[in-house]
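Residues per chain, in single letters:
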Amino acid sequence: MEEHGAHLSTEAELGGMRRARYNTAAPLGQDEWPIRKALTLSDVDITHPFLTLPRHAVETHIVVHLTQQERDHLRNKEQVPMNARDDDTSETHMMKLKWRGSYYNLIGKWGKIVRSKGLDVGKEIKIRWVNGWLHFSVPEQQIVAVAPLQIVAPPPIMQDQCWPIRKVLTLSDVDTTHPFLPLARRSVEDHILVHWLPQQRELLRNEEQVNVHARDVDTGEMYVMKLRWRGNYYNLIGKWGKIIRRKGLGVGKEIKIRWANGCLNFSVPYERISVAIPGLEPWPIKKALTLSDVDTNHPFLTLPGKAVEDHILLYWTQQAREQLRNEHHISVNARDDDTGDLYVMKLKWRGSYYNLIGKWGQIIRGKRLHVGKEIKVRWDNGCLNFSVPQ
C-alpha cells in the first residue's frame, strides 16, 4: 500500500515540525532498540509494501517524541511524514507513519527497502527514535527468527525426505482457465505452517489467505503467490497458471514441495523419458496432413480414434478419460518437439476420431504446414508432443 500523494502540510509547516523535534533525543534506557519485530509475510510483500508496528510500542517509543503539532497532525490526518535512517547502510529515506487504530504502518519507501536489503520472513527489524529521526536496522548476520529449517544435504537414503509434500497433478491442477493447486490440509500444516510464526498462522486463519514467496528449484525463478485456506485443504494461487504454461505441466506429472529459508520451494523436473517402449517406434502416431488439417479458416488436426486411444489415452488417469468422455473435450499441454514451444490446446472427441484444436491455426502458420507433410505425435511426460521436421 505504498502511497504517492501530495504532502499533507506545507513545506514551512513541515520544516517547523522537523526543527522542533531535532533536539528531542529518545532516552535509550537499557535496550537501545526498544522496538523489535520478526518480519511477517505482509511486511515483505513488495506488491503492497508497508511495515506493521504495534500501537503501544509506537506510541511509547516514537509518538512520545513528536511535537504536539505532529501528534495532532497524525490523529487528524491519520499519517505524518518523517525522516528515516538505515543504520546498517546510513541511507536516509522520507517515509510516512500511518495510524491504523490498533496499529501503525510505516509506508513510503518500504518496498525499496525490502528489495535493497533482501528482507525475508523471520528476519528481525530493530527500531528506535533518536534526534528527530526514525532509525532502523536489520543486520545481515542475524539468526532467522522462524522455526529453523536447515538445508543440509542428508545422506542418500534420506533424499526423499527433503520433499515432504508430493502430489501427482490432476486435471484441475493443470487447468489454466481456473489455475490453482490444491494441497492437503494435513501436509501443509505439518510441513509448511509449522515453520511459520504464530502471527503468520493467525493472519492466515483470520484473512483466509496470505502472500508467500515461491521458488522454482528447477529454474531458480521466484514468484509472489498466495496460500488460501479452504477448510480441509489449501490452494496455491497467483502465478500458478503462468507456471503451468512455462513448465508445460500435464496430468500425471509429480510436483514436490518443501518450505526452506522462508520460502515455498517446488520442483517438477523435466525428464526426457519417452513413453514409447524401447525397440518400438518412438513416434507411434504418424499422419500425412490433408486439406482439412491445414485449413487456417477452421483450424483443427484430425487424429484416428484407435491411435489416440492406444498411444495417448492409455497413459491418462481414469479421471481424465472419464472427463473426456463426459464433456467430449479436455485441455492438454502440447509441445512442438522441433522448436520446444509449448501450447495449451484441446483434444476433442468426435466418436470414431479426435480433433486437436486451440492453437492449431497458429502452428499451421508458424511451421508453414501444407498438404502431404508428415506429422508425428506421441505422449511424453504428461504432454502431447508433435513434430513436423523441415
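Residues numbered from 1 in each chain as written. Predicted model: local features only at pLDDT ≥ 70, side-chain atom pairs only at ≥ 80, totals over all residues. Heavy atoms only, no water.

- As annotated in an unreviewed UniProt entry, the chain is B3 domain-containing protein from Escallonia herrerae.

Things to note about unusual backbone geometry
Here's step 1: The backbone of Ser90 shows a phi angle near 70 degrees, a positive value even though the residue is not glycine.
Here's step 2: We classify Ser90 as partly exposed; its relative accessible area is 44%.
Here's step 3: Positive phi is not limited to glycine here, since Glu208 has a value of about 70 degrees.
Here's step 4: With respect to the helices and strands, the residue Glu208 is situated in the loop between helix H6 (198-207) and strand E10 (209-216). (Buried < 20%, exposed > 50% of the residue type's maximum accessible area, 1.4 Å probe, protein only. Helix = DSSP H or I, 4+ residues; strand = E, 2+ residues; numbered from the N terminus.)

With respect to the nonpolar core
A general tendency of soluble globular proteins is for nonpolar side chains to be buried together.
Here's step 1: Ranked by size, the top nonpolar core spans 92 residues in total, and within it Trp196 and Trp316 carry the most contacts.
Here's step 2: Sorting elements by how many residues they give to this core places strand E11 (residues 222-229) first, with four residues.
Here's step 3: The contacts of Trp316, once residues within four sequence positions are left out, are Arg321, Leu324, Ile330, Val332, Leu347 and Trp379. (Core = buried A, V, L, I, M, F, W, Y, C linked by side-chain atoms within 4.5 Å. Contact = heavy atoms within 4.5 Å.)

Some details on the sheet that holds strand E20 (residues 374-380)
Here's step 1: An order of E15-E20-E21-E17-E18-E19-E16 is seen for the seven strands of this open sheet, with the pairing classed as mixed. Each edge of the open sheet carries a strand with a single partner, namely strand E15 (285-288) and strand E16 (301-304). Strand after strand, the sheet turns through a mean of 30 degrees between neighbouring axes, direction not considered.
Here's step 2: In the sheet, strand E17 (residues 329-336) pairs with strand E21 (residues 383-387) via three bridges, with the strands oriented parallel. Counterpart to Asp336 in the pairing with E21 is Phe386.
Here's step 3: On top of the sheet, helix H10 (residues 360-367) reaches E16, E17, strand E18 (342-349), strand E19 (353-357), E20 and E21; it is set at about 125 degrees to E18, its chief contact. (Pairing = 2+ DSSP bridges. Axes fitted to C-alpha atoms, helices over the stretch in contact; angles between N-to-C directions.)

Focus on the sheet that holds strand E7 (residues 133-137)
Here's step 1: In space, the seven strands of this open sheet follow the order E1-E6-E7-E3-E4-E5-E2, with mixed pairing throughout. Every interior strand has two partners, whereas the edge strands, strand E1 (35-38) and strand E2 (51-54), have only one. Going across the sheet, the axis of each strand differs from the next one's by a mean of 30 degrees, ignoring polarity.
Here's step 2: Sheet topology places strand E4 (residues 92-99) next to strand E5 (residues 103-107); four bridges connect them, and they run antiparallel. Residue Trp99 lies in a different strand from E5, and its bridge partner there is Tyr104.
Here's step 3: Each of E2, strand E3 (79-86), E4, E5, strand E6 (124-130) and E7 touches helix H4 (residues 110-117); the most contacted strand, E4, lies at about 125 degrees to it.

Details of the pattern of salt bridges
Opposite charge on two side chains lets them pair, provided their charged atoms get close.
Here's step 1: Within the structure shown, the criterion is met by 24 salt bridges.
Here's step 2: Its salt-bridge partner being Arg55, residue Glu59 comes within 3.0 Å of it at the nearest N-O pair. With Glu59 and Arg55 both in helix H2 (residues 55-61), this residue pair falls four residues apart, about one helical turn.
Here's step 3: The exposure class of Glu59 is partly exposed, given its relative accessible area of 24%.
Here's step 4: With a closest N to O distance of 2.9 Å, Asp88 and Lys117 form a salt bridge. On the criterion of sequence distance, the pair formed by Asp88 in the loop between E3 and E4 and Lys117 in helix H4 is long-range, its members being 29 residues apart.
Here's step 5: In this structure Asp88 comes out as partly exposed when scored by relative accessible area, which is 35%. (Salt bridge = Lys/Arg side-chain N within 4 Å of Asp/Glu carboxyl O.)

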